[in-house]
Amino acid sequence: MKIAIVNIGTIVSGDWRAPIAPGDRILMEDGLLTKVGQFDKAELEGCDLVVDAKGVTACPGLIDSHVHIAFGDYAPRFATTGFLKDYLYGGTTTAISASEVHVPGRPSDVEGVKALAVAAKKCWDNVRPAGMRVYGGNVLLEPGLTDEDFQELAGHGIWLAKAGFGSVKTPFDYVPLIQAAKRAGMITNVHTGGASLSLANSIYGEHIVAMQPDVAFHINGGPIAIPDQDFELIVRDSSAALQVCQAGNLRTALKTLDLVTSYNCFDRFIIGTDTPTGIGTMPEGMIKTVVEMCALSDYSAEHMIAAATGNVGKIYRLNCGFLREGCDADLLLIDAAFGASKSTALESMKNGDVVADVACFTAGIARYIGRSRCTPPPMRIPEVVVNRIPSVFEPPGLLH
Ligand SMILES: [Zn+2]
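The sections below set out a description of the structure shown in this document.

Let's shift gears to the nonpolar core. Ranked by size, the top nonpolar core spans 85 residues in total, and within it Phe150, Phe269, Met304 and Met349 carry the most contacts. If you look at the next biggest cluster of nonpolar residues, it comprises 25 residues, including Ile3, Ile8, Leu33 and Val358.

Right, here's the structure in full:
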């Protein structure tokens, strides 16, 4: 399938070093972005779908690196069905499991955690709720897991590991487990801070520095933050990505951002939601944090969008998060909400307002064009000017 979007007002690249891409059009084919910014008009001839963006803003689909998924579009701890579909309508096109901790009766023995991760990964490989890409199978680190176990898991395609909920005596016991997971090529993630819904270990600065994980999950609290003095320790003495979550502590999220500025390490600053949790199920959780982080700082909206897109894609080694040729065709069209005091999506975000999603594409397929079911209505609605696709985009009932 070949799709063109023309008449885009602004293209946000997902790369904070050059956050605006020049041009006004995007072409995608067979799941990938093939042209970003400019292409010859003749390309439009062979398109299955041509969308006139009416001057709205394009940006990469948001990547939520902290979602409490289990199996399918269902959050068992909160009996919530269909939340991932709603998250897609809130702009999240990729969800990364924060480990399947909410599976009822989840096992904690070595064979149990391995089986859970493998089952979750293999199920998620086969299903995309409303078109969202979900990376499941984040193995929970438990004492007793060996190099052989991690190699076996890697052989099944497991590439995510998480520390924080295991039956260790002290968080320092995670150090050899993190090292073994890294040896198997996994991206390691660590619960940071005090207890969450589960009775996790309290993991503070000295523990993160000893573990050196790839990602310090919810450094601003999930939902309980580490002591203030530990933030600089983690930024200075570890290389971990610093994940700021909507379900955490807003004051310490801003504190993290200040440190990232001081230490000139914005590549490490990533945004997630840490939902569904007791804080809620939040379809607009990603964009709300982007808005809060830019409206309450000196950063521009397009710079901060990179923390929810390109930065996450790089840390998790994904082929998405950027609007550039060769990347997965996962993108959004967004606009200022109807009645907003600012006239563009980026100005609205800097003003502190969430925006209207007006179109979403994942894997090069249009998932919705027009109003999102989960955001306010927009100022402008893109128009489909050519449609040679002999079907609706979604089964009846899914759209609105
Ligand atoms: Zn969490």
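To continue, consider the packing of aromatic side chains. Here the structure, examined in full by the defined rule, presents seven aromatic pairs. Here tryptophan 16 and phenylalanine 266 contribute two aromatic rings whose centre-to-centre distance is 5.6 Å and whose plane-to-plane angle is 70°, an arrangement assigned as edge-to-face. Linking tryptophan 16 in the loop between β2 (10-12) and β3 (20-21) with phenylalanine 266 in the loop between α7 (250-262) and β18 (269-272), this pair joins segments that are 250 residues apart in sequence. With relative accessibility at 16%, the residue tryptophan 16 sits in the buried group. With 5.4 Å between their ring centres and 85° between their planes, tyrosine 135 and tryptophan 159 make a pair best called edge-to-face. Of this pair, tyrosine 135 sits in strand β12 (residues 133-135) while tryptophan 159 is found in the loop between α3 (147-155) and β14 (160-163), placing the two residues 24 residues apart along the sequence. A relative accessible area of 18% places tryptophan 159 in the buried class. Chaining the aromatic ring pairs together yields one cluster made of Trp16, Phe266, Phe269 and Tyr299. Between arginine 25 and the ring centre of phenylalanine 39, over which it is positioned, the NZ or CZ distance is 5.5 Å.

The complete set of buried residues in α3 reads Asp149, Phe150 and Leu153. The buried residues of α3 occupy an angular sector of 95° when the element is viewed end-on, so they sit on one face. For α3, exposure combined with an orientation more than 90 degrees from the buried face picks out Glu148 and Gly155. Downstream of α3 by a residue or two, glycine 157 has a phi angle that is positive, lying close to 90°.

So, on to empty space enclosed by the protein. All chains considered together, the criterion is met by one cavity of 30 Å³ or more. What the largest cavity holds in volume is close to 40 Å³. Glu100, Val113, Leu116, Ala117, Asn138, Val139 and Leu140 are the residues that line the largest cavity. Those elements giving two or more residues to the lining of the largest cavity turn out to be α2 (110-124) and β13 (138-140). Broken down by class, the residue content of the lining of the largest cavity amounts to five nonpolar, one polar and one charged.

Moving on: the sheet that holds strand β16 (residues 215-217). Pairing in this open sheet of six strands is parallel, and the strands run β13-β14-β15-β16-β17-β18 from one edge to the other. Single-partner strands in this sheet number two, and they are β13 and β18. Within the sheet, the average angular offset between the axes of one strand and its neighbour, ignoring direction, is 30°.

Donor atoms from the polypeptide that coordinate the zinc ion comprise His66 (NE2), His68 (NE2) and Asp274 (OD), at 2.1 to 2.2 Å from the metal. Within one chain, the residues donating to the zinc ion are spaced in sequence as H-x1-H-x205-D. With histidine 66 in strand β8 (residues 62-67) and aspartate 274 in the loop between β18 and α8 (285-295), this pair connects stretches of sequence that are 208 residues apart. Comparing histidine 66 with aspartate 274, the two get one shared label, buried.

The subject of this paragraph is the side chain of aspartate 15. The topology assignment puts aspartate 15 in the loop between β2 and β3. When near neighbours in sequence (up to four residues on either side) are disregarded, aspartate 15 contacts Ala306, Phe322 and Arg324.

Right, let's get into the packing of α2 against α3. One can describe the packing of α2 onto α3 by two numbers: an axis separation of 10 Å at closest approach and a directional angle of 15°. By the criterion of interaxial angle, the relationship of α2 to α3 is roughly parallel. Note on packing geometry: the crossing formed by α2 with α3 is right-handed. In this structure, α2 uses Val110, Lys114 and Val118 to contact α3, whose residues at the interface are Asp149, Glu152 and Leu153. When the residues that make up the contact of α2 with α3 are grouped by side-chain class, the tally is three nonpolar, no polar and three charged.

So, on to α8. Of all eleven residues in α8, nine are buried, a share of seventy percent or more. For α8, the set of buried residues is Gly285, Met286, Ile287, Thr289, Val290, Val291, Glu292, Met293 and Cys294.

What counts as what
- Residues numbered from 1 in each chain as written.
- Predicted model: local features only at pLDDT ≥ 70, side-chain atom pairs only at ≥ 80, totals over all residues.
- Heavy atoms only, no water.
- Core = buried A, V, L, I, M, F, W, Y, C linked by side-chain atoms within 4.5 Å.
- Buried < 20%, exposed > 50% of the residue type's maximum accessible area, 1.4 Å probe, protein only.
- Phe/Tyr/Trp six-rings, centres within 6.5 Å; stacked < 30°, edge-to-face > 60°.
- Helix = DSSP H or I, 4+ residues; strand = E, 2+ residues; numbered from the N terminus.
- Lys NZ or Arg CZ within 6 Å of the ring centre and 35° of its normal.
- Arc of directions from axis to C-beta.
- 1 Å grid on protein atoms, 1.4 Å probe; cavity = no way out; pocket = protein on both sides within 12 Å on 5 of 7 lines; lining within 4 Å.
- Points joined across faces, edges and corners; volume = space filled by probe spheres on them.
- Nonpolar A, V, L, I, M, F, W, Y, C, P; charged D, E, K, R; others polar.
- Pairing = 2+ DSSP bridges.
- Axes fitted to C-alpha atoms, helices over the stretch in contact; angles between N-to-C directions.
- Donors = N, O, S within 2.8 Å, 3.2 Å for Na, K, Ca; no water.
- Contact = heavy atoms within 4.5 Å.
- Parallel < 35°, antiparallel > 145°, perpendicular 65-115°, else oblique.
- Left-handed = near helix turned anticlockwise from the far one by under 90°.

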